[in-house]
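Each chain, written out:
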Amino acid sequence: MKRAIFPGSFDPITKGHFDIINRGISLFDEVIVAIGINADKKYMFSLEDRKLFIEEAFKDEPKVKVITYEGLTIDLCHKENAQFILRGLRNPADFEFEKAIAHTNRKLSKIETVFLLTAAKTSYISSSIVRDVIRNGGDYTVLVPDSVRINK
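Here we summarise the structure given alongside this text.

Parameters at a glance
Residues numbered from 1 in each chain as written. Predicted model: local features only at pLDDT ≥ 70, side-chain atom pairs only at ≥ 80, totals over all residues. Heavy atoms only, no water. Helix = DSSP H or I, 4+ residues; strand = E, 2+ residues; numbered from the N terminus. Rg over C-alpha atoms; globule rule 2.2 N^0.38 Å. Buried < 20%, exposed > 50% of the residue type's maximum accessible area, 1.4 Å probe, protein only. Contact = heavy atoms within 4.5 Å. Areas by Shrake-Rupley, 256 points an atom, 1.4 Å probe, with all protein chains shown as cover. Lys, Arg positive; Asp, Glu negative; His and termini not counted. Charge placed at Lys NZ, Arg CZ, Asp CG, Glu CD. Pairing = 2+ DSSP bridges. Right-handed = clockwise from strand over helix to strand, strands pointing away. Phe/Tyr/Trp six-rings, centres within 6.5 Å; stacked < 30°, edge-to-face > 60°. Lys NZ or Arg CZ within 6 Å of the ring centre and 35° of its normal.

**Thoughts on the overall build of the chain**
Per the secondary structure count, the chain includes five helices and five strands. In the chain, the order of α-helices and β-strands from amino to carboxyl end is β-α-β-α-β-α-β-α-β-α. Its C-alpha radius of gyration of 15 Å places the chain within 12% of the 15 Å reference for a compact globule of 152 residues. Each principal axis of the C-alpha distribution contributes one length, and for the chain these read about 45 × 35 × 30 Å. Burial analysis of the chain (152 residues in total) assigns 45% to the buried set. Across the chain, the fraction of contacts at a sequence separation of at least 24, relative to all contacts at a separation of at least 6, is 76%. Carbon together with sulfur atoms contributes 53% to the accessible area of the chain, which is approximately 8,500 Å² in total. Here the chain holds 23 positive side-chain charges and 21 negative ones, and the gap between their average locations is 3 Å.

In structure tokens form, the structure reads like this:
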């Protein structure tokens, strides 16, 4: 079974993430969306809400599993028996950052990283932009899957 871990904070999941996951399920038998827990980071959405947003977005897709984790992604890969890490790239800066992580992960383990370029129509979207739109009362719904809803 070809299994990939798609790690991130998903604060919140965006249409870009949604696109990468959907394209990933055509490449892998299972895509595990792994929400990383970082005690030093201040999140807009609770861990429970972030998990629920993703589960709801993929409720009809049995090839997607959503989990939370702490620690190294490669340790999670070993625990989940995943041979690949899936990552999306929006721009050259993403590539430079992700390339260093991928090289480190391959040096520390045999885990390969698979990069997918984001779709042109979602390449400008980031979770930080979505959070800024939300904080300033803008229409965030055009940037996220329908499952992401905030209670005002």
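**Describing the pairing of strand S5 (residues 112-117)**
As defined by bridge partners, strand S4 (residues 84-89) adjoins S5 across six bridges and the pair is classed as parallel. Directly across from Leu89, in S5, lies its bridge partner Leu117. Taking the sense of rotation as the criterion, the β-α-β connection linking S4, helix H4 (residues 92-108) and S5 turns out right-handed.

**Digging into the packing of aromatic side chains**
Summed over all chains, the structure comprises five aromatic pairs. The ring of Tyr43 has Arg50 sitting right over it, with the charged end atom 3.8 Å from the ring centre.

**Here's the deal with the pairing of strand S2 (residues 30-36)**
Buried residues dominate S2, accounting for seven of its seven residues. The alternating pattern of S2 places Glu30, Ile32, Ala34 and Gly36 on one face and Val31, Val33 and Ile35 on the opposite face, and all of these are buried. The pairing of strand S1 (residues 3-8) with S2 spans six bridges and is classified as parallel. Within the sheet, the bridge partner assigned to Gly8 lies in S2 and is Ile35. On the question of chirality, the crossover connecting S1 to the parallel S2 by way of helix H1 (residues 15-24) is right-handed. Of the strand pairs in this sheet, S2 and strand S3 (residues 64-69) are connected by six bridges, and their pairing is parallel.

**Examining the environment of Gly8**
For Gly8, the position within the fold is in strand S1. Distance in space between the C-alpha atoms of Gly8 and Ala34 is 6.4 Å, their sequence separation being 26 residues. Non-local contacts of Gly8, meaning those with residues more than four positions away in its chain, are made with Ala34, Ile35, Gly36 and Arg87.

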